[in-house]
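# Coordinate analysis (summary)
The residues making up each chain are set out below.
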Amino acid sequence: MPPGITIAADELSAANTGFMLICSALVMLMTPALAFFYGGMVRVKSTLNMLMMSFISLGIVTILWVLYGFSIAFGTDHGSLFGWSSDYVGLSGIGLNELWDGYTIPVFVFAVFQLMFAIITPALISGALADRVKFTAWALFVALWATVVYFPVAHWVWGAGGWAFELGVIDFAGGTAVHINAGAAALGVILVIGKRVGFKKDPMRPHSLPLVMLGAGLLWFGWFGFNAGSWLGNDDGVGAMMFLNTQVATAAAMLAWLAYEKIRHGAFTTLGAASGAVAGLVAITPSGGSCSPLGAIAIGAIAGLLCAMAVGLKFKFGYDDSLDVVGVHLVGGVAGSLLVGFFATGGVQSKAQGLFYGGGFEQMGKQAAGVGAVLAYSLIASAILAFLVDKTIGMRVSEDEEVSGIDQVQHAETAYDFSGAGGGTATRSAAVPDPVQEAAKAATEKNKKVDA
């Protein structure tokens, strides 16, 4: 719910209510889409764990949101830092047709829309931790992080009385509250838990690029609900502009990433196309309600280039960001949030103008304050939470379990069943080796050498 223009609301709008329920469903779809996106990027032995790290957020955060999360994020302000309203605890004191203040949609609709944001944000963090985190430890971390970090930060940015909201920080749909928040958290956690076994030594290529592309396509689709729905209605054209800018910036970022890849590495990769699209989606999330389509092209292209450059920093500085959460979500979120200070036209969601439209540096200063505060708080708080979990129940699986495969160890399953890969119905002669079994033996021998 961005600061800016609001519409007069005195009765429920069936059109806006239906629109927002559809947008909520689209945002919900983004979490399974993220699971596919991340799941394709890891090695075969970690696929299910990656899927489950996203899926578990659907369960944990939903319950916490109903119990107290919505109250902390959007209840009556306390000190500009967090909210609390007893009527929102358990969502038990809300009338069926009670409208969200200033809008024509029920409180329940607003609550379920914002719930989907709360679900996907911790799921984003999981991509940085692939291959090495205990599932029970991850589930506990999600519950703690949502409570200590996400719910209060959502109040800062979107809650009435939140300090960033009152300052005038523009974050249309989650550049600070979602992407910088998740990206900084990812960095904080990986600095605590350390690198994967074989980082910078063993090949850790994506096992299924079609799965990555499927996830990216579904994310792109769901992001229209994520962004356009954040205006909480469809009466004045702002949501339509955000929809258009989402498409435009994503296209520009994908092209920019691919151009950088071709110049730097000599090829246009499918992983680069998918990552570039996500970088554009991240960057336009805070800024798309304040810029023109031409501004969206510039924001997307800048973000695509910066994120493509940033993903290599982990090798230079030695932090193991497995699936580039820091490089895409943190860098893309920072870029998109700060570029509001340049490209805000003053004629879309609010009258705030950026530097290129005669507004000087005032809005830039506000954006920088929001970016810096969320980044610092999430980084430090997330590192502390990861440290506490690690020192109590342990955050990582053992080295042997990591090498053998976290899927089998943590979930007693594997993503793919190769038992029938030989084909045919005839019984294979014992004298003729089974290629699948031989490959499995070779992998086992390699793991034994790594252990040694």
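Above: the structure in question.
None of the values given here were measured: they were computed from a predicted structure.

Conventions and cut-offs
The residue numbering used here restarts from 1 in each chain and proceeds along that chain's sequence as written. This being a predicted model, a pLDDT of at least 70 is required before a residue's local features are given, and a value of 80 or more before pairs of side-chain atoms are given or counted; all residues contribute to the totals for chains, interfaces and linings. The basis for every side-chain value is the complete set of non-hydrogen atoms in the structure, without hydrogens or water. A run of DSSP states H or I qualifies as a helix once it reaches four residues; a run of E qualifies as a strand once it reaches two. Both are numbered from the N-terminal end. When we talk radius of gyration, it's over C-alpha atoms, and the globule rule is simply 2.2 Å times the number of residues to the 0.38. A simple rule labels every residue: compare its accessible area, found with a 1.4 Å probe on the protein chains alone, to the largest value its type can have, and call it buried under 20%, exposed over 50%, or partly exposed in between. Contacts are assigned to residue pairs with any non-hydrogen atoms lying within 4.5 Å of each other. Using the Shrake-Rupley algorithm and a 1.4 Å probe, accessible areas are obtained, with residue cover drawn only from the displayed protein chains. Counted as positive: Lys and Arg. Counted as negative: Asp and Glu, with His and the chain ends omitted from the count. The location of each charge is read from NZ of Lys, CZ of Arg, CG of Asp or CD of Glu. Remark: nonpolar core denotes a set of buried residues (Ala, Val, Leu, Ile, Met, Phe, Trp, Tyr, Cys) joined through side-chain atoms within 4.5 Å. Note on ring pairs: Phe, Tyr and Trp rings are taken, using the six-membered ring of Trp, and paired if centres are within 6.5 Å. Classes follow the plane angle, with under 30 degrees stacked, over 60 edge-to-face and the rest tilted. For salt bridges, the criterion is a side-chain nitrogen of Lys or Arg within 4 Å of an Asp or Glu carboxyl oxygen. Patch definition: residues above 30% relative accessible area lacking any salt bridge, with like charges linked at up to 9 Å and the nonpolar side chains Val, Leu, Ile, Met, Phe, Trp and Tyr linked at up to 5 Å. In protein, a polar contact means a hydrogen-donor-capable atom and an acceptor-capable atom, both N or O and within 3.5 Å, with residues adjacent in sequence counting only if both atoms are side-chain atoms; elsewhere, any N or O pair within 3.5 Å suffices.

### Section: the overall build of the chain
- Helices and strands together make up the secondary structure of the chain, namely 16 helices and two strands.
- The C-alpha radius of gyration of the chain comes to 23 Å, within 12% of the 22 Å expected for a compact globule of 452 residues.
- Relative to its full complement of 452 residues, the chain shows a buried share of 54%.
- Counting only contacts in the chain whose residues sit at least 6 apart along the sequence, the fraction spanning at least 24 positions is 77%.
- Carbon and sulfur atoms make up 66% of the accessible area of the chain, which totals about 17,800 Å².
- For the chain, the distance from the average position of its 22 positive side-chain charges to the average position of its 29 negative side-chain charges is 16 Å.

### Things to note about the nonpolar core
- Counting 111 residues, the largest nonpolar core has Phe37, Phe70, Trp100 and Leu129 as its most contacted members.
- Here this core gets 15 residues from one element, more than from any other, and that element is helix H4 (residues 135-158).
- Once residues lying within four places of it in the same chain are set aside, the contact partners of Phe37 are Leu211, Val212, Gly215, Ala216, Leu219, Ala274 and Val278.
- Counting residues in each nonpolar core, the second largest holds ten residues, with Val248, Ala249, Ala303 and Leu339 among its members.

### Some remarks on the packing of aromatic side chains
- Across all of its chains, the model carries 26 aromatic pairs by this definition.
- Through pairs of rings, three or more aromatic residues link up here, namely Trp65, Tyr68, Phe70, Phe74, Tyr88, Trp100, Phe110, Trp145, Tyr150 and Phe151.

### Side note on the pattern of salt bridges
- Summed over the entire model, instances satisfying the criterion amount to seven salt bridges.
- Of the charged contacts, one joins Arg43 and Asp131 as a salt bridge, the two residues approaching to 2.9 Å between their closest N and O atoms. Of this pair, Arg43 sits in the loop between helix H1 (14-41) and helix H2 (47-74) while Asp131 sits in the loop between helix H3 (107-125) and H4, placing them 88 residues apart in sequence.
- Taking the relative accessible area as the measure of exposure, Arg43 reaches 17% and is therefore buried.
- Here Asp131 falls in the buried class, since its relative accessible area comes to 3%.
- Here Arg396 and Glu402 are joined by a salt bridge, their closest N and O atoms 2.7 Å apart.
- The buried category is assigned to Glu402, whose relative accessible area is 4%.
- It is possible to trace a salt-bridge network through shared partners that takes in Arg43, Asp131, Arg132, Arg196 and Asp320.

### Observations concerning a nonpolar patch on the surface
- Taken together, the side chains of Ile302, Leu305, Leu306 and Met309 make up a nonpolar region of the molecular surface, amounting to roughly 310 Å² of accessible area.
- Positionally, Leu306 belongs in helix H10 (residues 293-310).
- With relative accessibility at 37%, the residue Leu306 sits in the partly exposed group.

### Quick word on the side chain of His411
- One can find His411 in helix H15 (residues 406-411).
- A polar contact is formed between the side chain of His411 and the side chain of Asn49, at a distance of 3.0 Å.

### Remarks on the side chain of Ser24
- Mapped onto the secondary structure, Ser24 falls in helix H1.
- Here Ser24 falls in the buried class, since its relative accessible area comes to 3%.

### Overview of unusual backbone geometry
- With a phi angle near 50°, Leu91 is a residue other than glycine that sits in the positive phi range.
- Relative to the elements of secondary structure, Leu91 occurs in the loop between strand E2 (82-83) and H3.
- Residue Leu91 is classed as buried on the basis of its relative accessible area of 17%.
- Here Lys200, not a glycine, exhibits a phi torsion of approximately 70°, which is positive.
- With respect to the helices, strands and loops of the structure, Lys200 is situated in the loop between helix H6 (175-193) and helix H7 (209-228).

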